[in-house]
Amino acid sequence: MNKPKVYIAKPIPHEVEEYIAQHCDLEKWDSNEDITREELLERLSDIDGLLTSGTKIDEELLKKAPNLKVVSNMSVGYNNFDLKAMKNRHIIGTNVAGALDDTVADLIFGLMLACARRITELDRYVKAGKWNRDDDLELYGANVHHRTLGIIGMGRIGEAVAKRASLGFDMNVLYYNRSRKKEVEEKLGVEYCSMEELLKRSDFIVIMTPLTEATLHLIDKEQFNLMKPSAIFINASRGKTINEKALIEALQSKKIRGAGLDVFDVEPVEIDNPLLRMDNVVTLPHIGSANMDTRFDMAKLAAENLVKALTEGAAPNIVPELRA
Ligand code: 8YV
């Protein structure tokens, strides 16, 4: 019986490639440069499975891939899926939920601490030779321990953040989510509340929702206006879950104290973006899952999803909207 044919559009570890090759005939993009959409579309005519992350899976691509049965995202976010188009064609869509929760949660805490204690700003201060003990007051930051953290989106990563906050930093943790997570409330002592109450009460606000039609610009001018002037806002989900112009305006008018951002409305972030010129904003290049161990785990899980969907007709990580 012929093996299913797959296209690997992202670099993956050799061991993972070997696993796929045991079960599928594979072709791969092996340049360090990202494959362009045009180059990808030329390579899909006879494939059964695609391993990617970020590539828009829409009508245009699906028409070029008439045999496509599964798309395996090497990411937890799957806003690149046109869910309606995939569902209409009975295409399985999978992600790597669970492979990067703690890694992203660690980074979120890194952003909280960096913003609160002005770590990146004062690192530049020392390296510019500005150290002067007489003006210590101007070096003060804010406490994290025992403060109130508001988490918008209590999924796996949100829960990992809540665990760090509650057990590690004695923080009072509030959360807002589409549905109650009573088991998390019991396990970690977190408190469910409305979005408005969370925004008003929190010293730190972390948004960790997927990007969907419902969460596009979920945090806009009205929401920033509800936050404390001492609040620090953290986004490591998707840039478009907030209105970035409203964030810039809130920071420039001191409606909030600062922000820690791993994601942006446009990525790579444009060099003339005002956020890059603010000392009270910590900016990172979408590195939430960026380490060798985690990326290996993500690639391995994405490969297992791909192979199992093609050889067993079911995968462990089908995204909720595409489950039967
Ligand atoms: C990925 C991410 O590493 O998993 C996600 O959704 O945003 C990142 O952590 C990045 O998208 C590359 O796959």
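In this text, all values refer to a predicted model and were calculated from it rather than measured experimentally.

Draft legend 1. Examining the site of the ligand more closely. Taken together, Ser53, Met74, Ser75, Val76, Gly77, Leu100, Arg238, His286, Ser289, Arg295 and Met298 form the complete shell of residues around the ligand. Backbone polar atom of Met74 to an oxygen atom of the ligand: 3.2 Å apart, as the coordinates give it. In this structure, an oxygen atom belonging to the ligand sits 2.4 Å away from a side-chain N or O atom of Ser289. Considering the ligand on its own, with 320 Å² of exposed area, one finds that the protein chains cover 85% of that surface. Partitioned by chemical class, the residues of the shell around the ligand number four nonpolar, five polar and two charged.

Draft legend 2. Spotlight on the sheet that holds strand S4 (residues 70-73). Pairing is parallel in the open sheet, where five strands are placed in the order S2-S1-S3-S4-S5. In this open sheet, the two edge strands, each paired with only one partner strand, are strand S2 (25-28) and strand S5 (92-94). Averaged over all adjacent pairs, the angle separating strand axes in this sheet is 15 degrees, with direction ignored. Of the pairings in the sheet, the one linking strand S1 (residues 5-8) to strand S3 (residues 49-52) comprises three bridges and is parallel in character. Bridging from a neighbouring strand, Ile8 pairs with Leu51 of S3. Where helix H1 (residues 14-23) meets the sheet, it contacts S1, S2 and S3, and its direction lies at approximately 140 degrees from that of S2. Of the strands in this sheet, S1, S3, S4 and S5 are in contact with helix H12 (residues 292-311), which crosses S4 at around 165 degrees.

Draft legend 3. Region of the structure containing H12. Taking 1.5 Å per residue, 20 residues should reach 28 Å; H12 reaches 28 Å between its end C-alpha atoms and fits that length. Within the span of H12, buried status applies to Thr294, Met298, Ala299, Leu301, Ala302, Ala303, Asn305, Leu306, Val307, Ala309 and Leu310. Summarising the contacts, the buried residues of H12 are in contact with S1, H1, S3, S4, S5 and helix H5 (101-116). The residue sitting at the N-terminus of H12 and contributing the capping side-chain oxygen is Asn291; that oxygen lies 3.1 Å from the backbone nitrogen of Asp293.

Criteria and thresholds
Residues numbered from 1 in each chain as written. Predicted model: local features only at pLDDT ≥ 70, side-chain atom pairs only at ≥ 80, totals over all residues. Heavy atoms only, no water. Near = heavy atom within 4 Å. Polar contact = N/O pair within 3.5 Å; in protein donor to acceptor, adjacent residues only side chain to side chain. Areas by Shrake-Rupley, 256 points an atom, 1.4 Å probe, with all protein chains shown as cover. Nonpolar A, V, L, I, M, F, W, Y, C, P; charged D, E, K, R; others polar. Pairing = 2+ DSSP bridges. Helix = DSSP H or I, 4+ residues; strand = E, 2+ residues; numbered from the N terminus. Axes fitted to C-alpha atoms, helices over the stretch in contact; angles between N-to-C directions. Contact = heavy atoms within 4.5 Å. Expected span 1.5 Å × (residues − 1). Buried < 20%, exposed > 50% of the residue type's maximum accessible area, 1.4 Å probe, protein only.

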